[in-house]
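# Coordinates in review
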Amino acid sequence: NGLLTVTDADRIELSNLTRQFLFREHNVGQPKSKAASAMAQQMNPAMQVRALEMFVGPKTEDSFNDDFWLSLDGICNALDNMEARFYVDDQCVKYERPLLESGTMGPAGNVDPVVPFKTHTYRDGGQADEGGGIPMCTLRNFPHLPDHCIEWARDQFELFFVKSVKQLKKFHEDPATFISEIGSSTDMTQSIFEVRGLLSLLNAASRPSIESAGQTAFDFFHLLFRDKILDLTAAFPADARIIDPDTKQDKGLFWSGHKRFPDATAFDVEKETHWRFLAASTALFAAMLGAVPQKQEGDNTWCQEFKRKAWAAALVQKLKVPEYVAGGVNTDGDATAGGVTSGVKADSKAILQGLLQQLQGFAGQPLPALEEADFEKDDDFNYHIDFITRCANLRADNYHITNSDFHKVKLVAGRIVPAIATTTAAVCGLVMLELFKLLQGKNTDGFRTRQIGLAVNTYTSFEAQEPRSFSSGVEKKVPRAEELPPDAFDDAGKIKAEYVLEEAYASYPEKHSVWDKLSVPTGTMTLEGFKDWLAKEHKLKLRNWSFVLGWKRVVDEENKEMRVPVSSQIYPPPVSIDAKLLPPLTDGQADAMKKIQASAAIPPAQKMKYVSEWQKAKKSGKLPESTGQEIRPEMTLKDILALMEVKAEKALQDGSIYPKWGKAISDLAGRRFWVIPSDQTPDCATMDAEPLDVRYMARIEVPLT
């Protein structure tokens, strides 16, 4: 009915006035969505606008639910990050709604129309290149630019307020395994640093308070800006020289070129960077430990008293300067470090073992409900950018590098490229052209993907691409040449066809796209009925079904972030142990095994499972209890999904899945249906004479009402 819903969680800053057209000076500080809506209604009083102040993402799906998305005729994006763009793109596919995606980056801009069943999706278009990174050795030990310090400080935010929570929980769950893994690490330098940090956090967690959070902040100040610098200058003194290990030739001073010789820092409450670092760190550690309430959206007075120098000075009087502990230096990635002739090398292994003994003393200590920080660059009152600013400038002071102001740090740490009004105007006009085509019902060849570059005077336009289709095929697996015998090659030196493995696979439905789906008739269908439905209606055999609850965060050797699925088995239903069928715990192992083997009530395939469970019960002295969360063939799909939601929440609470990415299933009570994405569908095979693995399968929609 002509209703336009506008949502934006940000508030207007002075810099917005130079690049956006609906804001005036009196709007500074107001919500963007409300100010823009009010101005639009001044231009056209008949316009129907609803202004909201919420992010769009997994955490707000209770508001942006099925009813909301299905009520829309289309969606128009103006987002500032790839994660949000992909999320909205996925929602548009799920609800089969058109999307007008656009963006600007300085003088460059793009427009991508996404139309159900007519064009490919934004995700299919590929992710934008976000640029290369700074070498780790530069970030770790040898910064020479302000941006190096900012990037390093952003990493410290992640380490302090995200990774440390996971480590504390991991240590709490299994201290012995945690200590063993740390002790066997090949990176002694990082292990020493992390264990020292954990010891400080465990001390604070034993008595959560603002003062204990302040002590942890004080400890980390000395760890980063005193101890690590002392380690580096001990390993590489000011007069250290580089000697070629092969020729023994003197190649000159180590501290030359971009390498700046650093100086360690002593805390001085009279220096603003020092006390503001302490204030920001204390606020964030206190929120992590539950010593202060979590920052609420729109609360601009959170921990306001921390922003006074007198408050910081009073806190410092209660804090203890930590003792220096030598930690060594990690010089991976620096080819010159191995040739340095002078320097003191600490016995890192002995130091680490001593710290691990201290860590062992905290085994079994209860932990408060720890809360990870979710980095948010657009809230100037949550201490996130404030922490990174002070941390970056302390690092810069170590290396005699120019300091950066709050605004620059916000741009770099938040990876913001300033917008240009001309680009915004051009992109808005191009988006409107695609909107007219949507209303006219144009075919695929009528839509245009646009890319503009005002700085280089380029304006390109492409016909929108049709949806990518998935077909059955044959994958050829060519073995490595060195693994083959001499007679595996023909006269031209090519590998003979008989040595090339061919593996056929299926797509279902044939030539389907991301817009297609399989619609389950009813959510009350049982798991056994679902299996039969796949067989009768689609000629597919259900082989395995692992439901994705969420994702854990893993960083690879190149420091790239990866999303690794955390799953729960649905089919075949996991074996559930009936405790009534287990032998008495007073039996010996031989008698127990005889009884289990002789029991007709225990299926033969499950007997070893029962033996294993009896052994665990014998050791603990307690029989297993039913959790009520067992998957059974007679369970309905609705009940199974509800159980997966419970498991996802548990995985989120125990740290198994990464909070920033959230649960893969939530808020079922308010939904009309649930969609199993195409990359998470059950493992199936065709029911042909020669069955084929179904490699590509359309998404599955399960009704919930």
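Our structure is the block above this text.
So, a few notes on the structure that sits alongside this text. (Residues numbered from 1 in each chain as written. Predicted model: local features only at pLDDT ≥ 70, side-chain atom pairs only at ≥ 80, totals over all residues. Heavy atoms only, no water.)

Pairs can form between side chains of opposite charge once their charged atoms are near each other. The tally for this structure, following the rule as stated, stands at 42 salt bridges. E96 is the salt-bridge partner of K517, the closest N and O atoms lying 3.3 Å from each other. One end of the pair, K517, is in strand 14 (residues 517-519); the other, E96, is in the loop between helix 3 (82-95) and strand 4 (99-105), with 421 residues separating them in the sequence. We classify K517 as partly exposed; its relative accessible area is 31%. A salt bridge links D147 to K408; the nearest nitrogen and oxygen atoms lie 3.4 Å apart. Linking D147 in helix 5 (residues 146-173) with K408 in helix 13 (residues 406-413), this pair joins segments that are 261 residues apart in sequence. Taken together, the shared-partner salt bridges in this structure form one network comprising E96, K517, R699 and E701. (Salt bridge = Lys/Arg side-chain N within 4 Å of Asp/Glu carboxyl O. Helix = DSSP H or I, 4+ residues; strand = E, 2+ residues; numbered from the N terminus. Buried < 20%, exposed > 50% of the residue type's maximum accessible area, 1.4 Å probe, protein only.)

Across soluble globular proteins, nonpolar side chains show a tendency to be buried alongside one another. Counting residues in each nonpolar core, the largest one holds 85 residues, and the members touching the most others are F160, F161, F285, L359, F387 and I388. If one sorts the elements of this core by residue count, helix 9 (residues 272-289) sits on top with 12 residues. What F161 contacts, discounting residues up to four positions off in sequence, is S281, L284, F285, M288, E372, A373 and F387. Core analysis: the second largest hydrophobic core is formed by 34 residues, V520, M525, Y571 and C684 among them. (Core = buried A, V, L, I, M, F, W, Y, C linked by side-chain atoms within 4.5 Å. Contact = heavy atoms within 4.5 Å.)

Strand order in this open sheet of 5 strands is 3-4-5-8-9, and the pairing throughout is mixed. In the strand order of this sheet, the two ends are held by strand 3 (75-76) and strand 9 (458-463), each with one partner. As defined by bridge partners, strand 3 adjoins strand 4 across 2 bridges and the pair is classed as parallel. Note that in strand 4 the partner of C76 across the bridge is L100. Helix-sheet contacts for helix 3 involve strand 3, strand 4 and strand 5 (108-114), and the interaxial angle to strand 4 is about 170°. (Pairing = 2+ DSSP bridges. Axes fitted to C-alpha atoms, helices over the stretch in contact; angles between N-to-C directions.)

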